[in-house]
Amino acid sequence: MISEQTKQRMCDLASRYPVARSAVMPALHLVQQEEGYITSEGLQAVADAVGMTVDAVESVATFYTMYQQHPQGKHVVHVCTSISCYLRNCDALVEHLEKRLGIKRGETTPDGNVTLLTAECLASCGTAPVLQVNGEFVENVTLEKADALIRDWNETARA
Amino acid sequence: MPEEKKTDLIHLTIDGASVEVPTGTLVWAAAKQAGIEVPIYCYHPKMPPLGACRMCFVEIEKLPKPPQTACTTPVSEGMVVHTKTEKVLKARRGTLEFLLINHPLDCPVCDKGGECDLQDFTLRHGPGGTRFDQHKRHYSKAVPVSDNVFLDRERCILCQRCTRFSSEISMDNGLVMISRGYKMEVGTAPDHAFDSVFSGNTVEICPVGALTAASYRFKSRPWELKRTASVCNNCSVGCNARVDVRVDKVMRLMSRANDEIDDGWLCDRGRWGFEFVNSPQRLRTPMIRRSGTLVPTTWDEALFYTAKRFKDIIAKHGAQSIGGIGSTRTTNEEAYLFQKFLRTVLGTPNVDHHHGSFPAPRDPLTNKPWAMTNSIAEIELASHIVLIASDPYKRQPVLNLRIKKAMKAGAKIFVLNSDVTELDRLAARKITIPQYGAGAAAKLLLSNIVQGETLRTSNEAISARVLSENAITQEHAAAFGLAATAQLVELAHEIAEAKGAVILYDEMATLDPDCQNLAADLQALAVLTDNIGRPGAGVGPLFEDANSLGARDMGVLPDVLPGYQPASEVGKTYNEMLSSPEIKALFVMGANPARHLPKPELPASLEFIVVQDILLTETAQQADVVFPAVTFAEKDGSMTNLDHHVQAIRRSLRALPGAKADWEILVELAQHLGKTWDYETPADILHEIAENNPFYTGLEWEDLGKQGVRITQEQEVARA
Amino acid sequence: MPELIVTKNLAIPGLDTLATYREHGGYEALAHALTAYQPDELVALIKDSGLRGRGGAGFPTGMKWGFLAKNNMPRYLCCNADESEPGTFKDRMLMEKNPHQLVEGVIITSFACRVTTAFIYVRGELAKAGRQVTRAVEEAYAAGLIGKNILGSDYSLDIIVHRGAGAYICGEESALMESLEGRRGYPRLKPPFPAVVGLYGGPTVINNCETLSTIPAIIKGGAQWYASFGTEKSKGTRVFCLSGHVKKPGNYELPLGTPISTLIYDEQYGGGMLDDKKLKAIIPGGSSTFILGADKVNTPLDFESIAAVGSMLGSGGVIAINEDTCMVGAILRMTEFYRDESCGKCTPCREGTYWMTEILERLEHGHGKESDIKLLVDICDNISGKSFCPLGDASTSSITSGIKLFLEEFQYHVTHGHCMVGAGRTRPEIGAVEGASLFAGAV
């Protein structure tokens, strides 16, 4: 459900920009915040707020990789796998997470707690390897640090 | 003047040949003019350059970073272009190799095979083989994106022509690019159909077999088709179409690009609405009513019987008791012969066809016949476009594209309608009026102009009439409410100040209650605001059918002869013929009056009904004699579209055995009634029209060529 | 340690708040610019300072401002903070630690360019940076530093912070404008250039985050002062992002012209190669630049010197690669990036990056053929200079330079089916060294 309040925020955004259409990206961010991913209802709400067709909104939503097209886990983990992290063995980190979580990259744990994704360079090359949990950085990740993160995620799942 | 024009020309050299083109021409177009093929995929002359496919490489001396793309580079004075250097050829080979790495080699089963730009350019510009030896991307084969269009994503080369048609031309953004990079594909929002009345154009401009038409898939190979230059028969726009026929069946209609009329587009209704031509329900033999039922008979018997009955009726009730209802879809030649048959063979003045409500055959103010005073192309020059009770998207679709093109060039659109229309979302202002409120809206606009604006042209008579109607106008204003009335005041001001306003209304809206003065009031509005005869300005009805205007021009009207020359005796109107007990016989050609009656039953007072048609319509079912006619695809003739272009339709396939063209039936009937009509071809009839109709003076069949002729003024033509 | 300009004060706690920023002289440059200069004088001053764009292309900033078309259309400024070039992480630091410095730079630049609406396009993945900049803009609005009649002058400005959503291509200035206008981030045809027809059709200036963050300091210190740093043609300082196999990766602000070796080996900066391994290759300006061999380690880090040895200074992302690294694997990883980030608009980049990745993958995994190497070079030739925008060119840099420098590694993969540097030695143990803090150079 896209709340009336969110729809209002989308309309406010549309009037903030010189052209309403410019608000399509921030409005899609709002959909994702509220729904966890870009739902059909969300596409329609954005289309209505910024004056585009749903098809045109879908076209924008699928161009940018941050807009998820499917439901995501409670903790969305992005591990950077670009060159600087690669040189600092991010692949071992991904493999470690895959083993511990029992899922492959791109998948969500069956309990819906963790989604494991890889990402292009996250602008944290000086503290490689890095990952993000729900958009927040965890830097200089070691395998021990990764295990600690998994423990945290499991605890919040149980809580 | 000619010298001044010369300075606007740019001189350049392409592969050693000198070329002269206007400023702003793209290198691609200049090469085309010089007869040099520069292959393109993403570029389309009706859309701005994109530069995406990287196919049109050329080498231009003195420009940095060769090769350059010809579709994005405008010409400049003294430019030296090479289209066949090693650098160019390698780059083109490279692009083709890239396009082919993921393209399936299913040409043998692809509808596009034989007319595919990827196939053709690969042969002419591509590498002989591929170095790609890995797995191609796979998608499920053709999936429907709508009921009419299928998409094969494997074949798609992502040139974006279709999606840009959707965003730039039809502006409905129905087909879009989804995802990005190597995962990019054409598509729509999930579970959303590609809902556009212009979707067929995307199929036509697709350079490969990615988009295919449901109606044409696996039906034919391009080399089996017989292609005939004709005109779409669906609405009054008259888009130029190529009729592609395979073994006596129409397979498809393709655009034949006439910039004056269709700008290169067709609507889906026109493109795919040809099933009636191939219909198994077509009439193949004349029929006569015997013991209450229509039964097949021979042509001889039907003609003989009809002639005899007409003679009997004339003897019994007089010729005045016969009425004739003509068609808005038959050719000018047939419309002309139809009224001539009624007036001179049968001797009755009762001739009409179904049309809007106009106060007289000609507009009393300007003495012009009722028709759009501007050309279709001139709409692009308008600063304001006012659509009153008209919805071209539904009724004259390709005109909707021209309006959108004008909007891109800066025109403001005003929609006055009681219903939602497609252009509402793009309009500068949508004014929602009450149902049947168009007549009142026109009066309010006119009254605001007369009383509130500085008039460019004063006209005492109009002003006096407007003032005399003031009380009624005030009542209308009250009914409209404050908001709509205020919007009309604002619009009246816009029209009065406009650089050029084009004011359009639907012909049939004039038949609505209280709208009988709609045409006259809007014409008056245009006269007072000087919106007639200036560039980008005009007024007029949007007609319904392919030859609605032609029927009027040919005098299929009760009060005028061909060319709007007054008839010596005024006959009964369409409605009168269908209600007056004095009418005993009805002759109907290509019309279906029963459908327009409250109950689909013709008056019982009719003793004899003759119908010429292609199908057993509601009217034909009630006839005493039915003659099987042929469709536009099976005959030659001319038609006159809504901006007065006279265009040729051409026989694209053999006439259905047993059926005849309407003009042939008329000639045979006249002969059976003792006349020596000796027309052998429609060209003969057109020749006679040209001698009788001041608008068509001097026009011969050969003049119509492939793009038709626009006739503007009777005086001009008469003098010629 | 040389004088710090753009990373000065970064260690001060609370610098990201308006109060602390002002305590340390923040917004004084703005007040000075508004009172002591006419807009055109500011453009001249930045021209004199020799400041060149810090985004990658190194175009002279003042000259860019001077190109703005004089017409009746509204003008716009876009701050390009869509930092996504692999190996680059300076803008994120500047936004997270000192967002007001950026905002001040945006206001001064807007004033100089007679812009009334400015946008800060922050990369979507950098959530914290986005929050910090948004908060700084809100604080500045509240303090009358943005909005109507800034600091009592007759200059008014609106700033909108716009978050990206994951597209490297939006760092390309015309794609950034498309994105801001609510479309897919496809680069636009040039000409017209943004300075003539840009955002919403108006003349538009687009500057990188670091470039704009440098403006206040130049206003305060003067053009001559700023120009006294760096080299003849590459003036001033630059934040170099050092990553890869070094002991202390991080951001280090150094005068242009400092040798690569100083950045990598000096104790104040990189502190030498991780585990004291041998340096094998250097990527001098982000993954889009040509790889340099270890023999080029003494090359000064300025636009001209790096160009002279066959690469580009780019975004300032210096990546050090040690002797144990498989170059085929590293280049595959970089190529995958371009395949995934290609916008798909043009054929050579969309299809070529896909094809090259497929070939590199098979080489890396030992299924390659000898002819693959030549094929790769030829595909690069069919992309480079043929693609619509520089992303296509960029995708070929590591491959062409990598094959030139390390051909025998590619051949070894073909003939032996695996890497010549030996399995298990390709990359250091994860977490072998605790990485330096994000803004090590500034502490």
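Things to note about the pairing of strand β6 (residues 250–255) of chain C
All names here are of chain C. Counting buried residues along β6, six of its six residues qualify, which places the element largely inside the surrounding structure. The sheet contact formed by strand β5 (residues 237–244) and β6 spans six bridges and is antiparallel. For C241, the partnering residue across the bridge sits in β6 and is N251.

Quick word on the sheet that holds strand β28 (residues 637–640) of chain B
All names here are of chain B. A sheet is described by the order of its strands in space; here three strands give the open sequence β28-β29-β30, paired in antiparallel fashion. At either end of the open sheet lies a strand with only one pairing partner, and these are β28 and β30 (709–710). Bridging between β28 and strand β29 (residues 645–649) involves four bridges; their strand directions are antiparallel. Considered in β29, the bridge of M639 is made with Q647.

Comments concerning unusual backbone geometry
The amide bond that connects P66(B) to the next residue, P67(B), takes the cis arrangement and shows omega of -5°. Along the chain, P67(B) falls in the loop between β3 (57–60) and β4 (68–69). P191(C) follows K190(C) through a cis peptide bond whose omega is -5°. Assignment of secondary structure puts P191(C) in the loop between α8 (173–180) and β4 (204–208).

Quick look at the environment of E634(B)
All names here are of chain B. Within the element layout of this structure, E634 appears in the loop between β27 (625–628) and β28. The class of E634 is buried, set by 21 C-beta atoms lying within 10 Å. For the pair E634 and T344, spaced 290 residues apart in sequence, the C-alpha to C-alpha distance is 28 Å. Contact partners of E634, with chain neighbours within four places excluded, come to R651, L653, A655 and L656.

Side note on helix α15 (residues 370–383) of chain C
Each turn of an α-helix holds 3.6 residues, which means side chains three or four residues apart point in the same direction. Among all positions in α15(C), only D372(C), L376(C), I379(C), C380(C), N382(C) and I383(C) are buried. Seen from one end, α15(C) has its buried residues packed into an arc of 160°, which puts them on one side. Seen from the open side of α15(C), the exposed residues pointing more than 90 degrees away from its buried face are E370(C), S371(C) and K374(C). Next to the buried residues of α15(C) lie α3 (86–101) of chain B together with α14 (347–364) and α16 (390–416) of chain C. Positioned one or two residues after α15(C), G385(C) has a phi angle of 80°, which is positive.

Reading the values: the criteria
- Residues numbered from 1 in each chain as written.
- Chains lettered and ligands numbered in written order.
- Predicted model: local features only at pLDDT ≥ 70, side-chain atom pairs only at ≥ 80, totals over all residues.
- Buried ≥ 20, exposed ≤ 12 C-beta atoms within 10 Å, placed from the backbone.
- Helix = DSSP H or I, 4+ residues; strand = E, 2+ residues; numbered from the N terminus.
- Pairing = 2+ DSSP bridges.
- Contact = placed C-beta atoms within 7 Å.
- Arc of directions from axis to C-beta.

As far as function goes, none of this settles anything; it's purely spatial.
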